[in-house]
Amino acid sequence: MFVIKNKKIFLTISAILVVLSVFSITYFGLNFGIDFEGGSILEVTYPAGVPTNDVLHEKLDGISLGDFSLRAAGENGYIVRTRFLEENEHKTLLGLMTIGGQYQLQEERFNSIGPTIGDELKQKAYIAIIVVILAIIFFIAFAFRKVSVPVSSWKYGIVAIVALIHDIMIPTGIFAFLGNAAGAEVDILFVMALLAILGFSVNDTIVVFDRVRENLRIDQDTKGREPFPEIVGRSLNQTYARSLNTSLTTLLVLLALYFFGGASTQYFALTLVIGVIVGTYSSIFLASPLLVILGQGKDKKKKAK
């Protein structure tokens, strides 16, 4: 019952985090990668010795790459993001990055996407997220269709969506800040991470809701009159261990991927780490208190009549 008794505190924390995330997205904006903006990205490593960032910048400034970015990738590599490059320009860029043959490099990846394809991918990413959210609403409303007291079945879906919006807004806000501070990009991997967060979070939330539904059924069968907040609190107590153990196990894998994986998957892993933490928090400290508030509101209307 600790969470339910202190629900205003936890709801306030969530509200503050969401407001800060909205501010971050509005103020900094999202640093879209070439998947959405179009352009070319080249990742290279230097097995026998690494040139400095200043030396590479000086070389790359000598050709017309447009507004390019250069950042370190691991201990012996670099990632260069440029405008869309033709194959001959790609070869010229590789040649320049050897600094007159002084440094031998190995090309790890090279991707080019035109601006038209980037816009199409961006639209499809938005559609994918919206479709997933709508599907979750309908699924929860159907799964809880026989639950009507004291909260209607469709309200379980609304509460779950509020929690899901909370879960994707916070990682997005953090990435807006990281895009400004460290050059973190929003790409297809980021969208995949958000979709994975949606699935993970709603699964955690449904486990709690399902326990609430079961305890409501038991209370009705035994003709009990246990208050709804106590039923929700007891349901939370029964699912704490499961939620925390699942989240901790997942976090261990994601942290290993972040610290020991390649540079190309670091931000993907970081997004999932943030999402798992935020999703676990919302399932316990946001969704359940909101459910109690909706239930109490309905009880007050009945008493007034």
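Please refer to the structure placed before this passage.
Everything numeric here is computed off the predicted structure, so don't read it as measured data.

A. Representation of the overall build of the protein chain. Counting secondary structure elements, the protein chain contains 11 helices and four strands. With the principal axes as the frame, the protein chain shows a C-alpha extent of 85 × 35 × 30 Å. The long-range share in the protein chain, meaning contacts at least 24 apart out of those at least 6 apart in sequence, stands at 79%. Counting every atom, the protein chain has about 15,900 Å² of accessible surface; 62% of that belongs to carbon and sulfur.

B. Spotlight on the packing of helix α7 (residues 153-182) against helix α8 (residues 188-221). Two elements in contact, α7 and α8, have axes whose closest approach is 9 Å; the angle formed by their N-to-C orientations is 150°. By the angle class used here, α7 and α8 are roughly antiparallel. Taken as a pair, α7 and α8 cross one another with a handedness that is right-handed. Across the interface between the two elements, Y156, V159, A160, L164, D167, I168, P171, T172 and F175 from α7 touch F190, L194, I197, L198, S201, V202, F209, V212 and L216 from α8. Residues that form the contact of α7 with α8 fall into these classes: 15 nonpolar, two polar and one charged.

C. A look at unusual backbone geometry. In this model, I99 sits at a positive phi of 55°, which is unusual for a non-glycine residue. For I99, the location among the structural elements is in the loop between α5 (87-96) and β4 (106-113).

D. Summary view of the packing of helix α2 (residues 7-28) against α7. Contact pair α2 / α7: the axes reach a minimum separation of 8 Å and the direction vectors enclose 40°. Viewed along their axes, α2 and α7 adopt a mutual orientation that is oblique. Judged by the sense of rotation from one axis to the other, the crossing of α2 with α7 is left-handed. Side by side, α2 and α7 meet where S14, L17, V18, S21, V22, S24, I25 and F28 of the first sit next to H166, M169, I170, T172, G173, A176, F177 and N180 of the second. Classifying every residue of the contact of α2 with α7 gives nine nonpolar, seven polar and no charged.

E. Representation of α2 within the structure. Taking 1.5 Å as the rise per residue, α2 with 22 residues should run 32 Å; its terminal C-alpha atoms sit 31 Å apart, in good agreement. Every buried residue of α2 is listed here: K7, F10, L11, S14, S21 and S24. The buried side chains of α2 occupy one side of the element, clustering within an arc of 150° when seen end-on. In α2, the exposed positions angled more than 90 degrees off the buried face are occupied by K8, V19, L20, T26 and Y27. Of the residues one or two after α2, G29 is the one with positive phi, at around 75°.

F. Layout of a nonpolar patch on the surface. A surface patch of nonpolar side chains, amounting to about 430 Å² of accessible area, comprises I9, I13, I16, L17 and L20. By the element assignment, L17 lies in helix α2. The class of L17 is partly exposed, set by a relative accessible area of 34%.

G. Examining the pairing of strand β1 (residues 39-45) more closely. β1 sits mainly inside the fold: seven of its seven residues count as buried. Where β1 lies against β4, seven bridges are found, and the strand directions are antiparallel. Each bridged residue has a counterpart across the sheet, and for S40 the counterpart in β4 is S112. As defined by bridge partners, β1 adjoins strand β3 (residues 77-82) across six bridges and the pair is classed as antiparallel. Bridge pairing links E43 to I79 in β3.

H. Seen up close, the pattern of salt bridges. Scanning all chains against the criterion turns up eight salt bridges. Notably, a salt bridge pairs E120 with K124, separated by 3.1 Å at the nearest N-O pair. On the criterion of helical spacing, the pair formed by E120 and K124 is a turn pair, its members being four residues apart in helix α6 (residues 115-143). Judged by relative accessible area, which is 39%, E120 ranks as partly exposed.

I. Spotlight on the sheet that holds β3. The strand order β2-β3-β1-β4 describes an open sheet built from four strands, whose pairing is antiparallel. The open sheet is flanked by β2 (69-72) and β4, the only strands paired with a single partner. Between one strand and the next, the sheet's axes are offset by a mean angle of 10°, whatever the strand orientation.

Analysis parameters
- Residues numbered from 1 in each chain as written.
- Predicted model: local features only at pLDDT ≥ 70, side-chain atom pairs only at ≥ 80, totals over all residues.
- Heavy atoms only, no water.
- Helix = DSSP H or I, 4+ residues; strand = E, 2+ residues; numbered from the N terminus.
- Contact = heavy atoms within 4.5 Å.
- Areas by Shrake-Rupley, 256 points an atom, 1.4 Å probe, with all protein chains shown as cover.
- Axes fitted to C-alpha atoms, helices over the stretch in contact; angles between N-to-C directions.
- Parallel < 35°, antiparallel > 145°, perpendicular 65-115°, else oblique.
- Left-handed = near helix turned anticlockwise from the far one by under 90°.
- Nonpolar A, V, L, I, M, F, W, Y, C, P; charged D, E, K, R; others polar.
- Expected span 1.5 Å × (residues − 1).
- Buried < 20%, exposed > 50% of the residue type's maximum accessible area, 1.4 Å probe, protein only.
- Arc of directions from axis to C-beta.
- Patch = residues over 30% accessible without salt bridge, like charges linked within 9 Å, V, L, I, M, F, W, Y side chains within 5 Å.
- Salt bridge = Lys/Arg side-chain N within 4 Å of Asp/Glu carboxyl O.
- Pairing = 2+ DSSP bridges.

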